Amino acid sequence: MSDEAFTLSNARLVLRDSVQHGWLRVEDGRILEFGDGDPTGPSLNVGGDYILPGLIELHTDHLEAHIEPRPKVQWEPKAAVLAYDAQIVGAGITTVFDSLRVGALTHRDGVSKALHALASAISDLKGAGLLRADHLTHLRCEIATPDVVEEARSYMAERDVQLVSLMDHTPGQRQFRDMDKMRTYYQRHGLTSEEDFSAFVSERIEMHARYAQEHRKALVRLAQAQGAAIASHDDATLDQVAEAIDDRVSIAEFPTTLEAATASRAANIKVMMGAPNLVRGGSHSGNIAAEDLARAGALEILSSDYVPGSLLMAAFDLPRRVESITLPQAVAMVTRNPAEATGLSDRGEIAADLRADIIQVAVHDRTPSVRRAWRAGARVF
Ligand SMILES: [Fe+2]
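What counts as what
- Residues numbered from 1 in each chain as written.
- Predicted model: local features only at pLDDT ≥ 70, side-chain atom pairs only at ≥ 80, totals over all residues.
- Helix = DSSP H or I, 4+ residues; strand = E, 2+ residues; numbered from the N terminus.
- Rg over C-alpha atoms; globule rule 2.2 N^0.38 Å.
- Buried ≥ 20, exposed ≤ 12 C-beta atoms within 10 Å, placed from the backbone.
- Contact = placed C-beta atoms within 7 Å.
- Domains from an automatic or database assignment.
- Nonpolar A, V, L, I, M, F, W, Y, C, P; charged D, E, K, R; others polar.
- Pairing = 2+ DSSP bridges.
- Axes fitted to C-alpha atoms, helices over the stretch in contact; angles between N-to-C directions.
- Left-handed = near helix turned anticlockwise from the far one by under 90°.
- Core = buried A, V, L, I, M, F, W, Y, C linked by C-beta atoms within 7 Å.
- Expected span 1.5 Å × (residues − 1).
- Arc of directions from axis to C-beta.
- Parallel < 35°, antiparallel > 145°, perpendicular 65-115°, else oblique.

Considering the overall build of the protein chain
Then comes step 1: For the protein chain, the count of helices and strands is 13 helices and 16 strands.
Then comes step 2: In terms of overall dimensions, the protein chain is globule-like: its C-alpha atoms have a radius of gyration of 21 Å, near the 21 Å expected for 381 residues.
Then comes step 3: Seen along its three principal axes, the alpha-carbon backbone of the protein chain occupies a region of about 70 × 45 × 40 Å.
Then comes step 4: For the protein chain, the proportion of its 381 residues judged to be buried stands at 50%.
Then comes step 5: Residue pairs at least 24 apart in sequence account for 67% of intrachain contacts in the protein chain once pairs closer than 6 positions are excluded.

Listed below in structure tokens is the structure:
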């Protein structure tokens, strides 16, 4: 399929700096050329729809909803991956970093145990040519847990990892500075009684003292040895940003304060926020709103986090919410910027010679919807 050649016409092409009405030609899986007005020769008329680069998603935990559709119910891994992949590409995402967690967060954590089964399912299906999106790996490492370094080491000995994030969800800091929000969050994960919650909090604080520092350094070394990009997670203070700079982090995932976000930006660390935060108008953990960061010029990447469809919604919503941001700039936050932050130089923009990862988007009553998608020139949706 990737050697197919075709031309799209009557398109609103979302380019680096402008939206241009015109046509686009694909050959051998690449964008050959594009221009104003009408093309010569036969073409597929897209009826004035937008043509965007395929979206690039760096941090989605949505696979977990498919592998464990109900608490303690494990779904067959290949079936879960196929359903997830269809949803991802239907949301306009042609490159996805599947977020897999290492380091058990609670004793009830079933997702981490499914890690190897899931990774095998993804690589088997990828090898068989059955996945629609391009699947890469984001290993999410909960640093203040006993087994995280060993799990990450054994995973990376067997499989490629393109992005490693360093997370620390110890109570009273970073994402969970607000303990009431933390209590609500963990109730959903089965910690319903006050006694259980208090015991969990004490245990986590003790684990932080014992493991966080040493494990973070070991994980940074592992990531660097494999050439994976590194993300810091939920940075809140200038000290935490300074540590991220030391660790040669390229992405600040979900900084929780304006101070941490602007300091990251100043240090050339790309600031990523959740698209659901933007679409909903605030953070579910009570931290800083993505829209406020965008207004301050500190927002560079959006991630769909827990709702795949939020990525495209946010790209179209952001210019309506923040006047200083154009549609091409908002689209760059879900395409070119995440590509740059992870070293993917072959995609992320409508430009000659780049991979023909392209989506056709209709906007109806302010809601964007994906009509067609191509990955390396092959139709995948
Ligand atoms: Fe977090």
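Points about the domain arrangement of the protein chain
Then comes step 1: Looking at the assigned domains, one finds that the protein chain contains domain 1 (1–53 + 347–381) and domain 2 (55–346).
Then comes step 2: Each of domain 1 and domain 2 has a C-alpha centre, and the two are 29 Å apart.
Then comes step 3: In this complex, domain 1 contributes 23 residues to the contact, which on the side of domain 2 involves 22 residues.
Then comes step 4: Within the residue set of the side of domain 1 that touches domain 2, elements represented by two or more residues are strand 5 (50–53), strand 14 (358–364) and strand 15 (367–375).
Then comes step 5: When residues in the side of domain 1 that touches domain 2 are grouped by element, the largest group, four residues, is from strand 15.
Then comes step 6: Its residues assigned to classes, the side of domain 1 that touches domain 2 shows 14 nonpolar, two polar and seven charged.

Description of the pairing of strand 2 (residues 19–27)
Then comes step 1: In this sheet, strand 2 lies alongside strand 1 (residues 6–14) in antiparallel orientation, the contact comprising seven bridges. The partner of Thr-7 across the bridge, within strand 2, is Arg-25.
Then comes step 2: The pairing of strand 2 with strand 3 (residues 30–36) spans six bridges and is antiparallel. Across the sheet, residue Arg-25 finds its bridge partner in strand 3, namely Glu-33.
Then comes step 3: In this structure, the hairpin formed by strand 2 and strand 3 is closed by a connection of two residues, where Asp-28 is found at a positive phi of approximately 50°.

Thoughts on the packing of helix 2 (residues 77–90) against helix 3 (residues 115–127)
Then comes step 1: It is the contact of helix 2 with helix 3, at a shortest axis distance of 9 Å, that shows an interaxial angle of 65°. Crossing angle aside, the handedness with which helix 2 passes helix 3 is right-handed. Residues Pro-77, Lys-78, Val-81 and Leu-82 of helix 2 form the contact with helix 3, whose own contacting residues are Ala-117, Leu-118, Ala-121, Ile-122, Asp-124 and Leu-125.
Then comes step 2: Split by residue class, the contact of helix 2 with helix 3 holds eight nonpolar, no polar and two charged.

Some details on the pairing of strand 6 (residues 55–60)
Every other side chain in a regular strand lies on the same face of the sheet, so the side chains alternate between the two faces.
Then comes step 1: Burial analysis of strand 6 places six of its six residues in the buried class, which makes it a mostly covered element.
Then comes step 2: As defined by bridge partners, strand 6 adjoins strand 7 (residues 93–102) across four bridges and the pair is classed as parallel. Within strand 7, the position partnered with Glu-57 by the bridge is Val-96.

Focus on the sheet that holds strand 13 (residues 301–303)
Strand pairs in the sheet, formed through backbone hydrogen bonds, run parallel or antiparallel to each other.
Then comes step 1: Pairing in this open sheet of eight strands is parallel, and the strands run 6-7-8-9-10-11-12-13 from one edge to the other. In the strand order of this sheet, the two ends are held by strand 6 and strand 13, each with one partner. If you compare each strand with its neighbour and ignore which way they point, the axes differ by 25° on average.
Then comes step 2: With respect to the sheet, helix 3 is in contact with strand 7 and strand 8 (134–142), its orientation differing from that of strand 7 by roughly 155°.

Brief notes about the nonpolar core
Most often, soluble globular proteins have nonpolar side chains that are buried together.
Then comes step 1: With 108 residues, the main nonpolar core has Leu-24, Ile-51, Cys-141, Leu-219 and Leu-311 as its most contacted residues.
Then comes step 2: Ranked by residue count, the leading element in this core is helix 11 (residues 310–321), at six residues.
Then comes step 3: When we break this core down by domain, the ones giving at least three residues each are domain 1 (1–53 + 347–381) and domain 2 (55–346).

Thoughts on helix 3
Then comes step 1: Along its 13 residues, helix 3 runs 18 Å from first to last C-alpha, staying within 8% of the 18 Å computed at 1.5 Å per residue.
Then comes step 2: Buried within helix 3 we find Leu-118, Ala-119, Ala-121 and Ile-122. Mapping the buried residues of helix 3 onto a view down its axis gives an arc of 160°, with all of them on the same face.
Then comes step 3: Lining the buried residues of helix 3 we find helix 1 (62–67), helix 2, strand 7 and strand 8.
Then comes step 4: Phi for Gly-129, located one or two positions after helix 3, is positive at around 70°.

Looking at the environment of Arg-375
Then comes step 1: Locating Arg-375 in the fold gives a position in strand 15.
Then comes step 2: For Arg-375 and Arg-320, which are 55 residues apart along the polypeptide, the C-alpha to C-alpha distance reads 29 Å.
Then comes step 3: Discounting residues that sit within four places of it in the chain, Arg-375 has contacts with Gly-54, Thr-94, Arg-132, Ala-133, Asp-134, Asp-357 and Val-380.

Describing the packing of helix 7 (residues 238–246) against helix 8 (residues 258–266)
Then comes step 1: Running from N to C, helix 7 and helix 8 point in directions that differ by 30°, and their axes come no closer than 9 Å. One element, helix 7, and the other, helix 8, form an angle in the roughly parallel class. The two elements helix 7 and helix 8 meet at a crossing, and its hand is right-handed. Together, Leu-238, Gln-240, Val-241 and Ala-244 of helix 7 and Glu-259, Ala-260, Ala-263 and Ser-264 of helix 8 make up the contact between the two elements.
Then comes step 2: Looking at the contact of helix 7 with helix 8 residue by residue, the classes come out as five nonpolar, two polar and one charged.

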